[in-house]
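Structural overview for review
Here are the chains, one letter per residue:
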Amino acid sequence: MTAAAQQQRYEVRFDWGSAGRQRISSGAGVIVFAEGADGRVVSAIERGERVAGSADAMDAAARSASLVLAASLRNRTAVAQAVFQHQIDRGERVRVAIVAETSADAGFAVDALLTAGAVVDALATVGIDYSSPEAAAAGAAFTGLGRAVGHLYTASTVGQARIDDGERDAVVAAGTVDAAEVVPVLGADGYWSNQVS
């Protein structure tokens, strides 16, 4: 059995980047792209802007009938509640593929790992908790390091790069847990909206 097939039986799955999304999204009713310190979708939606989806998010939406969401530390609880409501609306449990967004040259992205883990933790809180070992480990990383998550965001490689570019306030804001209630949803037109349908 392949590693991808081993995650397929779980309700909550986790992997990295475009290749990881392809491995775990089969049969998933929801795909959640977990932004790290460089994520801009949630903050843009908070400002009332519309944002083009990443190439991987657009591909995910085009290849599946899944609901595609963007998550950050700021909206992780709102995302979990939206997934829970989506299950109620469908009248069945759905599988959730959580994908840590990372660029190919970024290396290990601790900030994206913590966001993915924060979503796993929030899903467990609403009762969506049959997690793969990969998702469980990401969740444990967030819960174990939760008190230091703001510092870890600013100290991460990605966070430091944004700070060097003069975006310290944006990184600090990205590292704030449950500060937003918006849920960016990838629409058919390829743009993010803040309404789950």
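So, a few notes on the structure that sits alongside this text. (Residues numbered from 1 in each chain as written. Predicted model: local features only at pLDDT ≥ 70, side-chain atom pairs only at ≥ 80, totals over all residues. Heavy atoms only, no water.)

Compared with an ideal rise of 1.5 Å per residue, which puts 13 residues at 18 Å, helix α7 (residues 133–145) spans 18 Å between its outermost C-alpha atoms and is within 8% of the ideal. Listed as buried for α7 are A135, A138, G139, A141 and F142. Viewed along the axis of α7, the buried residues span an arc of 150°, placing them on a single side of the element. Exposed and facing more than 90 degrees away from the buried side of α7 are P133 and G144. (Helix = DSSP H or I, 4+ residues; strand = E, 2+ residues; numbered from the N terminus. Expected span 1.5 Å × (residues − 1). Buried < 20%, exposed > 50% of the residue type's maximum accessible area, 1.4 Å probe, protein only. Arc of directions from axis to C-beta.)

Tallied over the entire structure, the rule returns nine salt bridges. For E11, the salt bridge identified is with R93, shortest N-O distance 2.8 Å. Here R93 lies in the loop between α5 (76–90) and β4 (96–100) and E11 lies in the loop between α1 (3–8) and β1 (12–16), a separation of 82 residues in the sequence. By relative accessible area, E11 is classed as buried at 6%. Residues R47 and E49 are paired through a salt bridge, measuring 3.0 Å at the closest nitrogen-oxygen approach. Classification of E49 as partly exposed rests on a relative accessible area of 38%. Several salt bridges converge on common partners, so that one network encompasses R40, R162 and E167. (Salt bridge = Lys/Arg side-chain N within 4 Å of Asp/Glu carboxyl O.)

Attention shifts here to the pairing of β1. Most of β1 is tucked away, with four of its five residues classed as buried. As paired elements, β1 and β4 share five bridges and run parallel to each other. Looking at β4, one finds that F14 is bridged to I98. (Pairing = 2+ DSSP bridges.)

Looking at where Q160 falls in the secondary structure, it is placed in helix α9 (residues 157–164). Separated by 122 residues in the primary sequence, Q160 and D38 have C-alpha atoms spaced 10.0 Å apart. Within the structure, Q160 has its side chain in polar contact with the backbone oxygen of T154 (distance 2.6 Å). (Polar contact = N/O pair within 3.5 Å; in protein donor to acceptor, adjacent residues only side chain to side chain.)

The subject of this paragraph is the packing of aromatic side chains. Both the distance between ring centres and the angle between the ring planes are used here to describe each pair of aromatic rings. Using the criterion set out here, one finds three aromatic pairs in the structure. Judged by centre distance (5.0 Å) and plane angle (45°), the rings of Y10 and Y130 are tilted. Of this pair, Y10 sits in the loop between α1 and β1 while Y130 sits in the loop between α6 (110–125) and α7, placing them 120 residues apart in sequence. For Y10, a relative accessible area of 12% gives the class buried. (Phe/Tyr/Trp six-rings, centres within 6.5 Å; stacked < 30°, edge-to-face > 60°.)

The next point concerns the side chain of S25. Relative to the helices and strands, S25 resides in the loop between α2 (17–24) and β2 (30–34). Residue contacts for S25: discarding those within four places in its chain leaves R13, I31 and A97. (Contact = heavy atoms within 4.5 Å.)

Ranked by size, the top nonpolar core spans 31 residues in total, and within it F14, V30, V32, L69, V83, I98 and L123 carry the most contacts. Those elements giving two or more residues to this core turn out to be β1, β2, β3 (67–71), α5, β4, α6 and α7. The biggest single contributor to this core is α6, with seven residues. Dropping the residues within four chain positions of it, F14 is found in contact with Q7, I24, I98, A100, L113, A116, S132, E134, A135 and A138. Grouped together as the second largest cluster of nonpolar side chains are 19 residues, V41, I45, A97 and L186 included. (Core = buried A, V, L, I, M, F, W, Y, C linked by side-chain atoms within 4.5 Å.)

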